[in-house]
Amino acid sequence: MTFKNDLILRAARGEKVERTPVWLMRQAGRILPEYREVRAKMGGFKELVETPEFACEVTIQPVDILGVDAAIIFSDILVIPEAMGLPYQMVEAKGPWFEKTIKVAADVANMRIAQADDLHYVMDAIRLTKKELAGRVPLIGFAGAPWTIFAYMIEGSGSKTFSKAKRFLYTQPELAHQLLQKITDSTIHYLKGQVLAGADMLQLFDSWAGVLSPEQYNEFALKYISQICDAIKDVPFTVFAKDAHFARKQMGMLSCDTIGLDWTTDIEESRALIGNTKTLQGNMDPCLLYADYSKIKLETQKMLKAFGPHRHIANLGHGLYPDLDKDKVKYFVDTVKEFRF
Ligand code: 1CP
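Procedures and definitions
Residues numbered from 1 in each chain as written. Predicted model: local features only at pLDDT ≥ 70, side-chain atom pairs only at ≥ 80, totals over all residues. Heavy atoms only, no water. Salt bridge = Lys/Arg side-chain N within 4 Å of Asp/Glu carboxyl O. Buried < 20%, exposed > 50% of the residue type's maximum accessible area, 1.4 Å probe, protein only. Helix = DSSP H or I, 4+ residues; strand = E, 2+ residues; numbered from the N terminus. Pairing = 2+ DSSP bridges. Contact = heavy atoms within 4.5 Å. Axes fitted to C-alpha atoms, helices over the stretch in contact; angles between N-to-C directions. Core = buried A, V, L, I, M, F, W, Y, C linked by side-chain atoms within 4.5 Å.

K.L.:
Hey, could you run me through the pattern of salt bridges in this one?
P.N.:
Between side chains of opposite charge, a pair can form when the charged atoms approach closely. Evaluation of the coordinates by the stated rule reveals 16 salt bridges. The shortest N-O distance in the salt bridge between Glu 18 and Arg 10 comes to 2.9 Å. A relative accessible area of 55% means that Glu 18 is categorised as exposed. One salt bridge in this structure joins Arg 127 and Asp 124, with 2.9 Å as the shortest N-O distance. Residue Arg 127 and its partner Asp 124 are located together in helix 7 (residues 120-133), separated by three residues, close to a single helical turn. We classify Asp 124 as partly exposed; its relative accessible area is 31%. One network of salt bridges, in which partners are shared, links Asp 6, Arg 10 and Glu 18.

K.L.:
Even after reading the chapter, I still don't get the sheet that holds strand 1 (residues 71-72), so can you show me in this structure?
P.N.:
What links the strands of a sheet is backbone hydrogen bonding, and the strands pair in either a parallel or an antiparallel sense. Read from one edge to the other, the open sheet built from seven strands follows the order 1-4-5-6-7-8-9, with strand pairing classed as parallel. Two strands lie at the open edges of the sheet, namely strand 1 and strand 9 (312-316), each paired on one side alone. Sheet topology places strand 6 (residues 237-241) next to strand 7 (residues 258-260); three bridges connect them, and they run parallel. Directly across from Phe 240, in strand 7, lies its bridge partner Gly 260. Against the sheet, helix 10 (residues 173-197) touches strand 4 (139-144), strand 5 (201-206) and strand 6, its axis set at about 170° to strand 4.

K.L.:
How should I be thinking about the nonpolar core in this particular structure?
P.N.:
Side chains that are nonpolar tend, in soluble globular proteins, to be buried together. One finds Phe 150, Leu 179, Tyr 217, Phe 237 and Phe 332 to be the most contacted residues of the largest nonpolar core, which totals 129 residues. Top contributing element to this core by residue count: helix 10, with nine residues. The contacts of Phe 237, once residues within four sequence positions are left out, are Leu 191, Leu 202, Leu 204, Ile 228, Cys 229, Ile 232, Cys 256, Asp 257 and Thr 258.

Structure representation (structure tokens):
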């Protein structure tokens with residue numbers, strides 16, 4: 001496939017780029033009035049995710065409107081628990097909710113290992129989006145990391161502490177490993193399916209890495225992330241573990257191409273810990289985009305200089321907040337695109 005703009009793929013592979021590429025986590029979503037319009041036509045979030053034409057439309061919106069260097073397929077990490085046997089609902093203004101959760105051994109035994117076909121609507125959305133993008137920018141596929149998916153399957157919703165999921169690790173570690181392995185196998189099938197459908201690169205989101213201790217993170221998270229990295233060979237692969245500053249050195253040893261960083265980590269220190277063989281992605285605090293334009297420009301340029309000209313993909317340190325001003329978000333993107341070393 002020839003791309004009109006493949007900066008992000010080259011940056012991920014450590015090749016030379018004319019400028020730093022940029023995209024934003026949660027770039028398709030409520031900051032765009034155009035998204036809210038499509039969303040309002042639908043019965044709910046799930047219907048949008050499960051209807052390839054609409055998922056495709058909102059995936060491409062940020063490419064047209066914000067000018068980002070990649071699209072990310074519009075879906076959610078929670079499609080995996082659903083494909084394994086735990087359906088989710090997205091409750092308006094509240095977030096995800098699972099009617100059934102995992103409590104005992106029989107619940108784990110009842111979980112099936114998902115196949116790519118179970119998520120045919122995501123594969124259809126990827127195929128359609130690839131066609132509609134026609135090589136303008138690469139398309140990113142994604143999944144949740146096993147620990148984060150496990151946390152939702154035990155907890156049944158979002159949580160500040162994920163204490164039920166952590167209790168499970170302390171009280172039923174063997175069973176936790178069985179479930180984590182099933183999630184890992186499902187995720188490998190799912191990600192390989194996304195590549196076959198046309199995804200040009202992949203990202204794993206470990207959003208709740210930060211509630212685990214370093215030791216637990218090794219045992220219950222990195223072990224499985226490492227299996228997934230080893231299984232994906234054909235496209236650049238990014239691991240983003242939010243608040244996992246304690247694991248940066250070990251993450252440098254994963255067989256992936258890019259490590260995502262949040263804004264709580266020092267850039268130079270991260271480079272030293274992770275090494276020069278990985279691309280780094282991030283790591284602006286999304287709240288910077290509440291500041292005035294001159295402050296956004298100053299801090300964005302400071303970030304670009306700290307990462308340097310090689311092996312950097314500009315992004316925020318986590319997803320955009322829905323109340324951010326679209327013009328300021330675009331200003332961040334433009335500031336990156338105009339900067340030259
Ligand atoms: O209708 C809406 O606008 C609901 C908000 C929303 C959106 C836009 C949810 C509910 N999910 C999504 C889409 C989504 N989710 C994408 C789309 C592509 C893009 O980035 O533009 C992606 C990549 C995700 C991934 C996701 N879902 C993560 C990992 C990234 C992160 O933010 O840490 C997580 C943790 C989820 C679960 C989820 N889905 C939605 C919410 C509100 C949550 C978080 C719930 C919680 O607080 O625990």
